[in-house]
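Coordinate inspection notes
What follows is the residue order along each chain.
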Amino acid sequence: MLRRVARRGDNLGMQFSFPTLFSCFCLCAVSATAQEESDNSGDFGISFDIVAAESSSDALLPETGAFRLRSMQLHFQNERDWGEFRVTADLADGGYGSEFVLREANVWLMNLPARSALRVGRFMPTFGAWNDILPTGALWPSSDGVRRAYWGGHLVADGLEWHQLRTTPSVRLHLSFGLAAQTHGQDVDLPGNGYRLDYPMLDGFPQGEQRETAFAHVDLLQKFGSDELSLGASASFSPRAISRLDPTIGERIERDLPHILAGVDATWKSYDSSGQGHLLTGEIWIDDREFLTDTITEGDMSIGAWAAWNWRFTPESTFGVLASFWELPDQLAVSSASSHSVWLGTRLTHRQELRFFVELQDPGNGGESGSFYGFQWSFSFGKARAASAWF
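Now for a look at the structure at hand. Small disclaimer: the values here were computed from a predicted structure and weren't measured. Residue numbers restart at each chain and count upward from 1, following the sequence in its written direction. The predicted nature of this model means local features are confined to residues of pLDDT at least 70 and side-chain atom pairs, given and counted, to a pLDDT of 80 or more, with totals for whole chains, interfaces and linings taken over all residues. Only hydrogens and water are removed before side-chain values are computed, so all heavy atoms of the structure are retained for them.

1. What about the overall build of the chain?
In this description a helix means any DSSP run of H or I spanning at least four residues, a strand means any run of E spanning at least two, and both kinds are numbered starting from the N terminus. Secondary structure summary: the chain contains 2 helices and 16 strands in total. Here the chain holds 391 residues, and 50% of them are scored as buried. In short, Shrake-Rupley with a 1.4 Å probe defines the accessible areas, and a residue's cover is counted only from the protein chains shown. Summing over all exposed atoms, the chain offers an accessible surface of approximately 17,600 Å²; the carbon and sulfur share of this is 61%. When accessible area is computed with a 1.4 Å probe and restricted to protein chains, residues below 20% of their type maximum are described as buried, those above 50% as exposed, and intermediate ones as partly exposed.

See below:
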């Protein structure tokens, strides 16, 4: 059986592409210019997400049995007449010590013709209903297993994304299309936050790494009084997804192979004026890829789905469940996995929340099933990270 090995302190999150570094330079230049033109210095904030859990098996993810600072997120956001710019950096511990990870560094150019906008830099694309929600803002303690299996966590792109809105008093239609020089996955519950630490020969390679990726999304929001229904569809294609042979088989082989990912999502929200109510959401994804074996390239299509229900039964208290099932990609034989969780949360203050949770995991492919339980403590100071003002 393969054994996971890692080195603490490796700066894996520092491996940025040229588009990302260029966008950071642009942000610094724009920020300096803005400071000279206005007294509006922008909004800073810091958020903490602390988890302590105990596991029934050492083979389960996330790495458990310890008190860890899962995320210390620093963000800066500034709105201007022409748009906004934002940076979010994270000192996060995915189980092997803290790593610096750049979550986003981008510029929004708004007020373009035909109610459109352009986002440039490093960002989490509009891809599914929940891709751009970070751990401190999520309604559930841990991510669904589907996105972890199919694109390595939350999808992050280095490129540009075009958006357009069409609205009426009760309906909003949102379209987006993006191109990226590189995409990869980030996950606060994976060692290295999604950078491969499980095999020595793959140290530093991000999960779900792809080159020259195109992605698109459409969603329709319908309001029914105070209730809302959102339906969406997303797709991405890369001719150069990076496939690497398991190094335990022999010499490492790396090859660019095509990868298609498509899915649909639905979300229903129903809250009263006090904030009490329900949220029901779910996604279905189809993953079509080629991968390497020790001798040939194989094709594989997998399907995964997850759903969650979050009930705020008092203004300060929540109860929720999440269930996810998926077929494992990169397998010669069909193998499925699952992850289910339940949680009970309470809001200690306006900016502080405590959740107790239990999660059951079946990693599939003959792996050992198990459970873990613990608590999540989230709190923040300063300006909270908000969705783009353009929406």
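So much for the structure itself; the text now carries on.
2. Remarks on the nonpolar core
Throughout, nonpolar core names a set of buried Ala, Val, Leu, Ile, Met, Phe, Trp, Tyr and Cys residues whose side chains join them through atoms within 4.5 Å. Counting residues in hydrophobic clusters, the biggest one holds 26 residues, and the most contacted among them are F127, W140, Y150, W151, W285 and W306. Elements represented by at least two residues in this core include exactly β1 (43-55), α2 (145-151), β6 (154-167), β11 (277-292), β12 (297-314), β13 (317-327) and β14 (336-349). Broken down by element, the residue count for this core peaks at 3 residues, all from α2. Any two residues whose heavy atoms approach within 4.5 Å at even a single point are treated as in contact. Not counting the four nearest positions on each side in its chain, F127 is found in contact with W151, L155, F215, A216, H217, S234, A235, S236, L261 and W285.

3. Here's the deal with the pattern of salt bridges
Only one rule defines a salt bridge in this text: a Lys or Arg side-chain nitrogen within 4 Å of an Asp or Glu carboxyl oxygen. For the coordinates displayed, the defined rule picks out 13 salt bridges. Among the salt bridges present, the one from E84 reaches R86, with a minimum N-O distance of 3.2 Å. Residue E84 is classed as buried on the basis of its relative accessible area, which comes to 0%. Across the pair E161 and R119 runs a salt bridge whose closest N-O atoms are separated by 2.4 Å. With E161 in strand β6 and R119 in strand β5 (residues 116-123), the pair connects residues that are 42 residues apart, well separated along the chain. Residue E161 is classed as buried on the basis of its relative accessible area, which comes to 0%. Since its relative accessible area comes to 7%, R119 is described here as buried.

4. Focus on empty space enclosed by the protein
The rule is simple: put a 1 Å grid over the protein atoms alone, call a set of points where a 1.4 Å probe fits but cannot get out a cavity, call an open set with protein on both sides within 12 Å along at least five of seven lines a pocket, and count a residue as lining if it has an atom within 4 Å of a point. Grid points are joined across faces, edges and corners, and a volume is the space filled by probe spheres set on the points. Taken as a whole, this structure holds 3 cavities of 30 Å³ or more when the rule is applied. By volume, the largest cavity is sized at about 250 Å³. Considering the residues around the largest cavity, the lining is formed by 20 residues, among which I133, P135, A138, S143 and H154 are closest to the centre. Amino acids outside the nonpolar list (Ala, Val, Leu, Ile, Met, Phe, Trp, Tyr, Cys, Pro) and the charged list (Asp, Glu, Lys, Arg) are all regarded as polar, and Gly is one of them. For the lining of the largest cavity, a count of residues per class yields 10 nonpolar, 4 polar and 6 charged.

5. Observations regarding the side chain of Q77
Note on placement: Q77 falls in strand β2 (residues 67-79). For Q77, a relative accessible area of 9% gives the class buried. In terms of polar contacts, Q77 uses its side chain to reach the side chain of R86, at 3.5 Å. Counted as a polar contact is a pair of N or O atoms within 3.5 Å, where, for protein atoms, one must be capable of donating a hydrogen and the other of accepting one, and residues adjacent in sequence contribute only when both atoms are in side chains.

6. Things to note about the pairing of β14
Think of it this way: DSSP has to see at least two bridges between two strands before they count as a pair. Taken together, the 11 bridges between β13 and β14 define a ladder with antiparallel strand orientation. By the bridge assignment for β14, T318 is matched with G345. Taken together, the 11 bridges between β14 and strand β15 (residues 352-362) define a ladder with antiparallel strand orientation. Its bridge partner being in β15, W343 is matched across the sheet by F357. Following β14, the chain reverses through 2 residues before pairing antiparallel with β15.

7. Quick word on the packing of aromatic side chains
Any two of the Phe, Tyr and Trp rings considered here, Trp counted by its six-membered ring, make a pair once their centres fall within 6.5 Å; the pair's planes then place it as stacked at under 30 degrees, edge-to-face at over 60, or tilted in between. Counted under the stated rule, the structure contains 18 aromatic pairs. For the pair W309 and W311, a centre-to-centre distance of 6.0 Å together with 10 degrees between the ring planes defines the contact as stacked. With relative accessibility at 29%, the residue W309 sits in the partly exposed group. Taking the relative accessible area as the measure of exposure, W311 reaches 33% and is therefore partly exposed.

8. Quick look at a nonpolar patch on the surface
Two distance rules govern patches: like charges are joined within 9 Å, and nonpolar side chains (Val, Leu, Ile, Met, Phe, Trp, Tyr) within 5 Å, applied only to residues with over 30% relative accessible area and no salt bridge. A cluster of nonpolar residues, V120, L160, W162, F177 and L179, forms a patch on the protein surface that exposes about 410 Å² of accessible area. Listed by contribution, the elements that provide at least two residues to the nonpolar patch are β6 and β7 (171-186). Within the secondary structure, F177 is located in strand β7. A relative accessible area of 39% places F177 in the partly exposed class.

9. Here's the deal with unusual backbone geometry
Even without a glycine there, the phi angle at N111 is positive, about 55 degrees. With respect to the helices and strands, N111 occurs in strand β4 (residues 98-112). Here the phi dihedral of E212 falls at roughly 45 degrees; this positive angle occurs in a residue that is not glycine. Among the secondary structure elements, E212 is positioned in strand β8 (residues 210-224). When its relative accessible area of 40% is taken as the criterion, E212 is described as partly exposed.

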